[in-house]
Amino acid sequence: MVGSPEVFYQNELNDADLYKRISNRIMHTFRRSERNEKIAMKLMELSSIETRHAGFWAEIIKRRGGTPPPFRRRNPVYYKYVGFLQKIFGISFLVRYLERGEEEAIREYSEYLERESKEQWEREQLSKILDDEREHEDTFIKMSEELKGSADKVKDAIYGMSDGLIEVLASVAGLTGVFIDHMYIAIGGIVFGISGLISMTIGSYLSERAKGQIEVNASYSAGRAAGNTATYYSIGAVIPIIPFLFLQRYDALITSLILVMIADGIVTSVISIQSDGKLRRDLARSLGLVMLGFLGTFAVGMIAHHFIGYIG
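Treat the numbers as computed from the prediction; the structure is a model and nothing was measured.

Q: Explain the overall build of the protein chain here, please?
A: Helix and strand counts for the protein chain come out as 10 helices and 0 strands. When its helices and strands are written in sequence order, the protein chain yields α-α-α-α-α-α-α-α-α-α. For the protein chain, with 312 residues in total, the buried portion stands at 43%. Of the contacts formed within the protein chain by residues at least 6 apart in sequence, a portion of 79% connects residues at least 24 apart. Here the protein chain has roughly 16,300 Å² of accessible surface; of this, 61% comes from carbon and sulfur atoms.

Q: Before we go on, may I ask you to explain the nonpolar core in this structure?
A: In summary, soluble globular proteins display a tendency toward joint burial of nonpolar side chains. Within the largest apolar cluster, 45 residues are counted, with the highest numbers of intra-cluster contacts made by I22, L43, L98 and F140. The contacts of L43, once residues within four sequence positions are left out, are Y19, I22, S23, I26, L98, F140 and M143. Among the nonpolar cores identified, the runner-up in size contains 16 residues, and Y9, L13, I60 and L113 belong to it.

Q: Whenever I open this one, the packing of aromatic side chains confuses me. Can you help?
A: To describe a pair of aromatic rings, you give the distance between the ring centres and the angle between the ring planes. Scanning the model with the defined rule gives 10 aromatic pairs in all. On the basis of an interplanar angle of 70° and a centroid distance of 6.5 Å, the ring pair of Y250 and F298 is categorised as edge-to-face. Of this pair, Y250 sits in helix α9 (residues 249-274) while F298 sits in helix α10 (residues 279-308), and the two are 48 residues apart along the sequence. Residue class for Y250 comes out partly exposed when judged on its relative accessible area of 36%. Measuring from ring centre to ring centre gives 6.5 Å for F294 and F298, while their planes differ by 5°; the resulting arrangement is stacked. One end of the pair, F294, and the other, F298, are both in helix α10, 4 residues apart, so they sit about a helical turn from each other. Overall, the relative accessible area of 6% leaves F294 in the buried class. An aromatic cluster of at least three residues, connected via ring pairs, comprises F8, F56, W57, Y109, Y112 and W121. One residue, R63, lies across the ring of W121, its end atom 3.8 Å from the ring centre.

Q: Would you mind going over empty space enclosed by the protein with me for this structure?
A: Using a probe with the size of a water molecule, rolled over the atoms, empty space left in the structure can be pinpointed. Under the defined criterion, the tally for this structure stands at 1 cavity of 30 Å³ or more. The computed volume of the largest cavity comes to approximately 30 Å³. As for the largest cavity, its lining consists of N14, D17, L18, R21, R73, R74 and Y79.

Q: Can you help me understand the pattern of salt bridges in this one?
A: In a structure, side chains of opposite charge can pair up when their charged atoms sit close to one another. Tallied over the entire structure, the rule returns 12 salt bridges. The partner of D17 in a salt bridge is R73, with the nearest N and O atoms 3.0 Å apart. With D17 in helix α1 (residues 5-27) and R73 in the loop between α2 (34-63) and α3 (76-89), the pair connects residues that are 56 residues apart, well separated along the chain. According to the relative accessible area criterion, D17 is buried, its value standing at 15%. The salt bridge involving R281 is made with D282; its shortest N-O contact spans 3.2 Å. One connected set of salt bridges, linked through shared partners, spans E104, R107, E108 and E111.

Q: Just checking my understanding: could you explain the environment of D15 for this structure?
A: Examined against the element boundaries, D15 turns out to sit in helix α1. D15 sits 31 residues away from L46 along the chain, and the two C-alpha atoms are 8.9 Å apart. When near neighbours in sequence (up to four residues on either side) are disregarded, D15 contacts E50 and R74.

Q: Explanation requested: the packing of α9 against α10 in the structure shown.
A: Describing two packed helices takes the angle between their axes plus the distance from one axis to the other. At a closest axis distance of 9 Å, the pairing of α9 and α10 adopts a crossing angle of 150°. The pairing of α9 with α10 is recorded here as roughly antiparallel in orientation. In this structure, α9 meets α10 at a crossing whose hand is right-handed. Contacts from Y250, L253, L257, V260, M261, D264, G265, T268, S269 and S272 in α9 reach L279, D282, L283, S286, L287, V290, M291, F294, F298 and M302 in α10.

Cut-offs applied
Residues numbered from 1 in each chain as written. Predicted model: local features only at pLDDT ≥ 70, side-chain atom pairs only at ≥ 80, totals over all residues. Heavy atoms only, no water. Helix = DSSP H or I, 4+ residues; strand = E, 2+ residues; numbered from the N terminus. Buried < 20%, exposed > 50% of the residue type's maximum accessible area, 1.4 Å probe, protein only. Contact = heavy atoms within 4.5 Å. Areas by Shrake-Rupley, 256 points an atom, 1.4 Å probe, with all protein chains shown as cover. Core = buried A, V, L, I, M, F, W, Y, C linked by side-chain atoms within 4.5 Å. Phe/Tyr/Trp six-rings, centres within 6.5 Å; stacked < 30°, edge-to-face > 60°. Lys NZ or Arg CZ within 6 Å of the ring centre and 35° of its normal. 1 Å grid on protein atoms, 1.4 Å probe; cavity = no way out; pocket = protein on both sides within 12 Å on 5 of 7 lines; lining within 4 Å. Points joined across faces, edges and corners; volume = space filled by probe spheres on them. Salt bridge = Lys/Arg side-chain N within 4 Å of Asp/Glu carboxyl O. Axes fitted to C-alpha atoms, helices over the stretch in contact; angles between N-to-C directions. Parallel < 35°, antiparallel > 145°, perpendicular 65-115°, else oblique. Left-handed = near helix turned anticlockwise from the far one by under 90°.

Spelled out as structure tokens, the structure:
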């Protein structure tokens, strides 16, 4: 179904608003750099162009006897959440998302031009807008290349943290069914976390080193990949262990589950936005799997308790 000028008008205003807000966040972050400032300036430039495109659609609406509708910000809660994630992970994880938005605009405008545009003036202006959108897409592709090192770092961070969260939560859930003393559970989680940390770090190093041997101009070294993975796996592993240092085992277990689900929700959101997923679906699936793993390992611990009793 081909979109209407009213829909396109709102889309352009929203894109202009989004680019402007992302640019402002970049300029006010503590991680400012010359490269990021250039990206912020480019986004402001794109914002002004999208505003001009909205003016074209407003003119189309007026020529057809209508009135441009008031600006309605789409999905305000979602975009505030995206802004929160940008503060944590930087601009690199958003670039692919912005690129997809331009791809969608090109597809929709091409269909509109083919099926709906009748007047010569309208066709000429829309052709220019399509050229702008293709340039915007190219801009985000170039940004992706420039930010490849940062994107690789974010990738390692989210996967390292995700593994640490889920693996250690599963271990403490199982140990809760066997140990009485919450400190024993914490120690068991630490031991399991350290073994997972060593395994993940070595795996990341070998994987990135193999990639570097294939890609001559690889900008992300194996050492950096291993260090980044180790750092974020450690963060993920610590989260489910902390409650057991202060709370009794079942209180600690529930607290641990809640903390892991919050952290996993953030990690899953970044993955979903980068991969063009459906955020609600991806969150439901990921959190469901966390709960399934939690219940499964807790059940194993309770079965072990049935045969050997409590320890400690």
